[in-house]
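Each chain is listed here by its residues.
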Amino acid sequence: MTITYHGHSCFKLRGKNAAAVTDPYEDSIGLSLPSLSADVVTISHDHGDHNQASRVSGTARRDNPFVIDHLGEYEVEGISVFGVGSHHDDQEGSERGANNIFTISVDGVRVCHLGDLGHQLTESMIDEIGIIDVLLLPVGGKYTIDAKQAVAVARALEPGIVIPMHYRTAEHDEKRFGELQAVEDFLKEFGADDAKKTDKLKVESDRLPEEMEVVVLEKS
C-alpha cells in the first residue's frame, strides 16, 4: 500500500485493488485539494475542512466513492473500515462535537486516522482501536491535541509508523489556522528532529519497523 498526503488531514491510501481518501477539505482553508479518486472516503466529522466527500471522484470499480461518516464496520472493495467514537475537544464534545476515529485496513496494513481528536484516549478507546501499523496523528493544537499530547497518544497506541497531520503550514489561512503549531514542534517533542521526509510512503504488512518511527509526508 502507498500513502500520499494532500495536506491538512487528507491522505490517499492506495492498495493493489482499491483506494481510500480521508477527510477531503474545502479550498477556503488556504490549501488547494488536488483531483482525487477513491473507492472509499472517510469523514471524521462534519466540518468544512474535513467533510468534502463530493470533491473525490469514483474509480473504474465504483462510479462514486462509498462515503463513511458514521461509526460502524464496513467492507468495500476489499478495504475494511471500523470506527471508534471520540470528541473534537476535551469537554466531551460540548465545544466542537463528536469525532470519528477510523481504522482503515488496506492490503493487510492497518492505518488509524484520528481525525480532529481533541483529548487523550481512554483505556477503553485504546483497547477498541487495537493493534495498528500506521497512525495518522493530529499535532497542531487549538482544534486538536497539541504536540505534547500527540506524543502521549502515539506512545499509548504504539504503531510502527507515525505520520503527523493537521499542523500549520505557509499555505494555511492565517486567520483560521495561524495559531496551530508547526510540524517541527511535534518532531522536537517526540525527539525525532531527523525524521524521514518523503512525498509518498510504501508500507508492507510484513516489513514494518521494529521500533516506532516518525515519517513526515510532504504535501502532494
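Note that the coordinates shown come from a computational prediction; the quantities given were computed from them, not determined experimentally.

## A few points about helix α4 (residues 183–190)
Reasoning step 1: Regarding α4, the residues found buried are Val 183, Phe 186, Leu 187 and Phe 190. Down the axis of α4, the buried set is contained in an arc of 100 degrees. They therefore lie on one face.
Reasoning step 2: Of the surrounding secondary structure, the elements contacted by the buried residues of α4 are β12 (134–138), α2 (147–157), β13 (161–165) and β16 (213–217).
Reasoning step 3: Positioned one or two residues after α4, Gly 191 has a phi angle of 80 degrees, which is positive.

## Focus: the pattern of salt bridges
Proximity of charged atoms lets side chains of opposite charge pair with each other.
Reasoning step 1: Under the definition given, this model contains six salt bridges.
Reasoning step 2: Salt-bridge contacts for Arg 176 lead to Glu 26; the nearest nitrogen and oxygen are separated by 3.7 Å. One end of the pair, Arg 176, is in helix α3 (residues 174–177); the other, Glu 26, is in the loop between β3 (19–22) and β4 (36–37), and 150 residues separate them in sequence.
Reasoning step 3: A relative accessible area of 29% places Arg 176 in the partly exposed class.

## Comments concerning unusual backbone geometry
Reasoning step 1: With a phi close to 60 degrees, His 8 is a non-glycine residue in the positive phi region.
Reasoning step 2: You can see His 8 is positioned in the loop between β1 (2–5) and β2 (11–14).
Reasoning step 3: Since its relative accessible area comes to 1%, His 8 is described here as buried.
Reasoning step 4: Its identity as a non-glycine residue notwithstanding, Lys 142 has a phi of 65 degrees, on the positive side.
Reasoning step 5: With respect to the helices and strands, the residue Lys 142 is situated in the loop between β12 and α2.

## Here's the deal with the nonpolar core
Reasoning step 1: The biggest cluster of nonpolar side chains holds 57 residues, and the ones touching the most others in it are Leu 137 and Phe 186.
Reasoning step 2: The element that contributes the greatest number of residues to this core is α2, accounting for six residues.
Reasoning step 3: Residue contacts for Phe 186: discarding those within four places in its chain leaves Leu 137, Val 139, Ala 147, Ala 150, Val 151, Val 162, Pro 164 and Val 214.
Reasoning step 4: Val 21, Ala 38, Ile 43 and Leu 180 belong to the second-largest nonpolar core, a separate cluster that totals 14 residues.

## Here we look at the sheet that holds strand β14 (residues 196–198)
Reasoning step 1: Spatial strand order, β8-β9-β10-β11-β12-β13-β16-β14: eight strands in an open sheet with mixed pairing. Strands with a single pairing partner mark the edges of an open sheet, and in this sheet they are β8 (73–76) and β14. Each adjacent strand pair in this sheet contributes to an overall mean axis angle of 25 degrees, direction not counted.
Reasoning step 2: Relative to β13, β12 runs parallel, the two sharing five bridges.

Reading the values: rules and limits
- Residues numbered from 1 in each chain as written.
- Predicted model: local features only at pLDDT ≥ 70, side-chain atom pairs only at ≥ 80, totals over all residues.
- Heavy atoms only, no water.
- Buried < 20%, exposed > 50% of the residue type's maximum accessible area, 1.4 Å probe, protein only.
- Helix = DSSP H or I, 4+ residues; strand = E, 2+ residues; numbered from the N terminus.
- Arc of directions from axis to C-beta.
- Contact = heavy atoms within 4.5 Å.
- Salt bridge = Lys/Arg side-chain N within 4 Å of Asp/Glu carboxyl O.
- Core = buried A, V, L, I, M, F, W, Y, C linked by side-chain atoms within 4.5 Å.
- Pairing = 2+ DSSP bridges.
- Axes fitted to C-alpha atoms, helices over the stretch in contact; angles between N-to-C directions.

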